[in-house]
Amino acid sequence: MKLQLSNLDDLPPPQPFQELSASFGGFGIETAHRYWLSEINDATENFAKKVGSGGYGTVYYGKLKNGKEIAVKVQTNDSCQGNKQFSSEVSLLSRIHHKNLVEFLGYCQQEGKSILVYEFMHNGALKEHLHGKHHSVMFHIYLS
Ligand SMILES: Nc1ncnc2c1ncn2[C@@H]1O[C@H](COP(=O)(O)OP(=O)(O)OP(=O)(O)O)[C@@H](O)[C@H]1O
């Protein structure tokens, strides 16, 4: 799902991974939580439960040791995102917090894998609601 931002001009240009912490002055990738691949492997039971796939890659269900349920997005090889784009996305996502947005929890970049970690939404993604896979939300909107 793409985030729509009204003022993209306010954002700094994408920077190479190593330069992010300096260039964002405390609001870069270093503010995002970094997960170890072993944590992700444990949480997803080695990527056992696939819940969907999108332009970025494949999405898996997971549960952290503290009980929090997570959606783990694993970048696929044919995704156009490179390391630069991944760093920019992590940096951007870690600065956006809103009660109506799925919470971005962190990332993992290890052993050639680029992974984004979000809170798990039991009712599926917004796109599915809008495209009718889950009709209840639209129904409630019309009623209210
Ligand atoms: N946070 C989440 N909680 C539960 N399921 C999710 C979550 N994020 C994604 N999914 C599932 O994974 C599927 C793919 O989502 P994803 O956001 O990767 O693709 P997309 O909406 O096509 O966006 P994009 O093209 O930017 O990757 C969704 O349709 C949904 O079923």
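Below is a short write-up of the structure. Each chain has its residues counted from 1, following the order in which its sequence is written. Side-chain atom pairs in this predicted model are given and counted only at pLDDT of 80 or more, local residue features only at pLDDT of at least 70, and totals for whole chains, interfaces and linings cover all residues. Here the side-chain values reflect all heavy atoms present in the structure, with hydrogen atoms and water set aside.

### Comments concerning the overall build of the protein
Right, on to step 1. Regarding its fold elements, the protein presents 5 helices and 6 strands.
Right, on to step 2. Only DSSP runs of H or I with at least four residues qualify as helices, and only runs of E with at least two residues qualify as strands; both kinds are numbered from the N terminus onward. Scanning the protein from its N terminus toward the C terminus, one meets helices and strands in the order α-β-α-β-β-β-α-β-β-α-α.
Right, on to step 3. Working definition: with a 1.4 Å probe on protein chains only, accessible area under 20% of the residue-type maximum means buried, over 50% means exposed, and in between means partly exposed. Sorting the 144 residues of the protein into buried and exposed places 32% on the buried side.
Right, on to step 4. Only heavy atoms matter for contacts: two residues are in contact if any of them lie within 4.5 Å across the pair. Sequence separation of 24 or more characterises 54% of the internal contacts of the protein that already satisfy a separation of 6 or more.

### Comments concerning helix α2 (residues 37-44)
Each full turn of the α-helix corresponds to 3.6 residues, which orients residues three or four apart in the same direction.
Right, on to step 1. Within α2, burial applies to L37, I40, A43 and T44. For α2, the buried positions fall inside an angular range of 125° around the axis, keeping them on one side.
Right, on to step 2. Directly after α2, the chain includes E45, whose backbone phi takes a positive value near 50°. The directions from the helix axis to the C-beta atoms are what the arc is built from.

### Some details on the pattern of salt bridges
Right, on to step 1. Salt bridge criterion: a side-chain nitrogen from Lys or Arg within 4 Å of a carboxyl oxygen from Asp or Glu. Inspection of every chain in the model, using the stated rule, returns 2 salt bridges.
Right, on to step 2. The salt bridge involving D42 is made with K65; its shortest N-O contact spans 3.7 Å. Taken as a pair, D42 in helix α2 and K65 in the loop between β3 (57-63) and β4 (69-75) lie far apart in primary sequence, 23 residues in all.
Right, on to step 3. K68 is paired through a salt bridge with E103; the nearest N and O atoms lie 3.8 Å apart. In this pair, K68 is assigned in the loop between β3 and β4 and E103 in the loop between α3 (83-93) and β5 (104-110), connecting sequence segments 35 residues apart.
Right, on to step 4. K68 sits in the partly exposed class, given a relative accessible area of 33%.
Right, on to step 5. For E103, a relative accessible area of 36% puts it in the partly exposed group.

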